[in-house]
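Residue-level structure breakdown
Next come the chains, spelled out residue by residue.
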Amino acid sequence: MTKRFLAAIAFVLLSSTVTAGTTDIGATFETACPFGDCATGISLSYLGEFVIPTGHMENGVEFGGISGLDFDAATGHYIAISDDRSERGPARFYELDVDLDAAGLKGVSVVKQVTLKDKNGEPFAARTVDPESIRLGKDGIYWGSEGDGKALLAPFVRVASPDGSFVREFKLPEGFAPSADKSTGIRDNLAFEDIATAPSGDVFVGVEAALYQDGPKSSLTSGSLSRIVRYDGATGEPKAEYVYPVSPIPQAATKADGGNDNGMSEIVALDDHRLLAVERSYAQGFGNNIKIMIMDLTNATDVSAIASLAKNDQRIVPVRKSQVLDLRAIGLAPDNIEAMSLGKAKDGTDVLILGSDNNFSASQKTQFYAFKVLNRPRQ
């Protein structure tokens, strides 16, 4: 990694201007001028939490593993993907009704469950897919599978019809497929976690942590260089790649010999060049830290022609980023947040909703947080 790159990362990791507050309904949090750009200011107001306990059943299948969420303006409902690898039930997504208005978040219920199909029109066999992200696109439902680094299953992004049938697949860029010797490609369980659809029709796909050839995953003392692929949504062809600097792990494990991690677990587009990102970390004995970041791709280097970020002498400008929210710092106790959506409440209020992947664990829960969007970036 070059010294110029390190300096650029140090600059983008400067602290944000988020205003501290409490988690009473109506508490507001403002980031007025992230990275010195007041046109990118964003402010949010807390609307509450709703929990669905682990073990809840829908149509004879356990509900959980919520790893992606998006708003459907046509129905007023949300779609949510489960990361069940066709083990507890077929790989699937849900249509959810979110009972939410300016007074607060009152409930989340399942409207229907849809089975995702493989290219042959059949439900996915067990452990052949790892659904992690979902968005509504111009010609269908865009969803991503993280792949499986251990089994050398490549990640993918596909388009499905509303009934879950296969429509088409995006092209996987060079260097992303897993390798047996771990010299290149995705890390196991740290791959395609994020999808965002821009107003232009472009699609952004983020990797949770660095590809093997790009450097290490996050540690307590250093961050990780994730790539964000920009696709032409109409053709599924890659257009560019950018570097997103994931922060170091913010919390050491408090359990003896416990593990910890940090990665980018979701993104959502605010416009064609500004996105929100979830940085989700976990430390055994402590729990999760969840931070919402805003990023701007303007002037970021297209690194699609750079085979290795770790073995590169070119000057690289990563995306700019700034913290919008630290959920623990404002008094919340977040679970494993992996889903995020902009949408509308029942009364037309603009909202941001977060959802957690409970890992189908009795010690976790499917948790939803809602925030009213008071102000968002302007052109």
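Residues numbered from 1 in each chain as written. Predicted model: local features only at pLDDT ≥ 70, side-chain atom pairs only at ≥ 80, totals over all residues. Heavy atoms only, no water.

From N to C terminus, the chain includes 1 helix and 23 strands. Taken against the 2.2 N^0.38 rule, which gives 21 Å for 379 residues, the C-alpha radius of gyration of the chain at 19 Å falls within 12% of a compact globule. Dimensions of the chain along its principal axes, counting C-alpha atoms only, are 55 × 50 × 50 Å. In the chain, the proportion of contacts linking residues at least 24 apart, taken out of those at least 6 apart, comes to 59%. Just so you have it, the chain exposes about 14,600 Å², and 50% of that area is on carbon and sulfur atoms. With 37 positive and 50 negative side-chain charges, the chain shows a separation of 4 Å between the mean positions of the two kinds. (Helix = DSSP H or I, 4+ residues; strand = E, 2+ residues; numbered from the N terminus. Rg over C-alpha atoms; globule rule 2.2 N^0.38 Å. Contact = heavy atoms within 4.5 Å. Areas by Shrake-Rupley, 256 points an atom, 1.4 Å probe, with all protein chains shown as cover. Lys, Arg positive; Asp, Glu negative; His and termini not counted. Charge placed at Lys NZ, Arg CZ, Asp CG, Glu CD.)

In this section: the sheet that holds strand β5 (residues 66-72). Ordered in space as β5-β6-β7-β8, the 4 strands form an open sheet in which the pairing is antiparallel. The sheet is open, and its two borders are formed by β5 and β8 (104-115), each paired with just one other strand. Shown here is a sheet whose adjacent strand axes are inclined to one another by a mean of 30°, direction ignored. Both strand β7 (residues 92-101) and β8 contribute to a ladder of 10 bridges, which runs antiparallel. (Pairing = 2+ DSSP bridges. Axes fitted to C-alpha atoms, helices over the stretch in contact; angles between N-to-C directions.)

This brings us to the state of the cysteines. Inspection of the entire model under this criterion finds 1 disulfide. Each sulfur in the disulfide pair C33 and C38 lies 1.9 Å from the other. Residues C33 and C38 share a disulfide whose torsion about the S-S bond is about 95°; that sign makes it right-handed. Taking the relative accessible area as the measure of exposure, C33 reaches 25% and is therefore partly exposed. (Disulfide = S-S within 2.5 Å. Buried < 20%, exposed > 50% of the residue type's maximum accessible area, 1.4 Å probe, protein only.)

Here the focus is the side chain of S161. Turning to its location among the elements, S161 is positioned in the loop between β11 (156-160) and β12 (166-169). Looking at S161, the relative accessible area reads 18%, which means it is buried. A distance of 2.4 Å separates a polar atom in the side chain of S161 from a polar atom in the side chain of D163. Beyond its immediate stretch of four places on either side in the chain, S161 contacts I141 and V167. (Polar contact = N/O pair within 3.5 Å; in protein donor to acceptor, adjacent residues only side chain to side chain.)

Here we come to the pattern of salt bridges. Counted under the stated rule, the structure contains 24 salt bridges. A salt bridge links D271 to R274, with the nearest nitrogen and oxygen atoms 2.9 Å apart. Put simply, K321 and E279 hold a salt bridge, and the shortest N to O gap is 2.5 Å. Residue K321 is located in strand β20 (residues 320-326), and its partner E279 is located in strand β18 (residues 274-283); the two are separated by 42 residues in the primary sequence. (Salt bridge = Lys/Arg side-chain N within 4 Å of Asp/Glu carboxyl O.)

Attention now moves to the sheet that holds strand β21 (residues 337-344). Taken together, the 5 strands give an open sheet; going across it, the order is β1-β2-β23-β22-β21, and neighbouring strands pair in antiparallel fashion. This sheet does not close on itself; its edge strands, each paired only once, are β1 (28-31) and β21. This sheet shows a mean twist of 30° between the axes of neighbouring strands, independent of strand direction. Note that strand β2 (residues 42-53) and strand β23 (residues 365-375) share 10 bridges and pair antiparallel. In the sheet register, P53 faces β23, and the bridge partner there is K365.

Moving on, we come to the layout of surface pockets. Estimated volume of the largest pocket: approximately 710 Å³. Forming the walls of the largest pocket are 30 residues, and the residues nearest its centre are N189, R280, N336, E338 and N359. Tallied by class, residues from the lining of the largest pocket come to 6 nonpolar, 7 polar and 17 charged. By volume, the second largest pocket is sized at about 470 Å³. As for the second largest pocket, its lining consists of 23 residues, of which D70, F71, T197, A269 and L342 are closest to the centre. If you list the elements that add at least two residues to the lining of the second largest pocket, you get β5, β9 (131-137), β17 (260-269), β21 and β22 (350-356). Residue composition of the lining of the second largest pocket, grouped by class: 12 nonpolar, 4 polar and 7 charged. (1 Å grid on protein atoms, 1.4 Å probe; cavity = no way out; pocket = protein on both sides within 12 Å on 5 of 7 lines; lining within 4 Å. Points joined across faces, edges and corners; volume = space filled by probe spheres on them. Nonpolar A, V, L, I, M, F, W, Y, C, P; charged D, E, K, R; others polar.)

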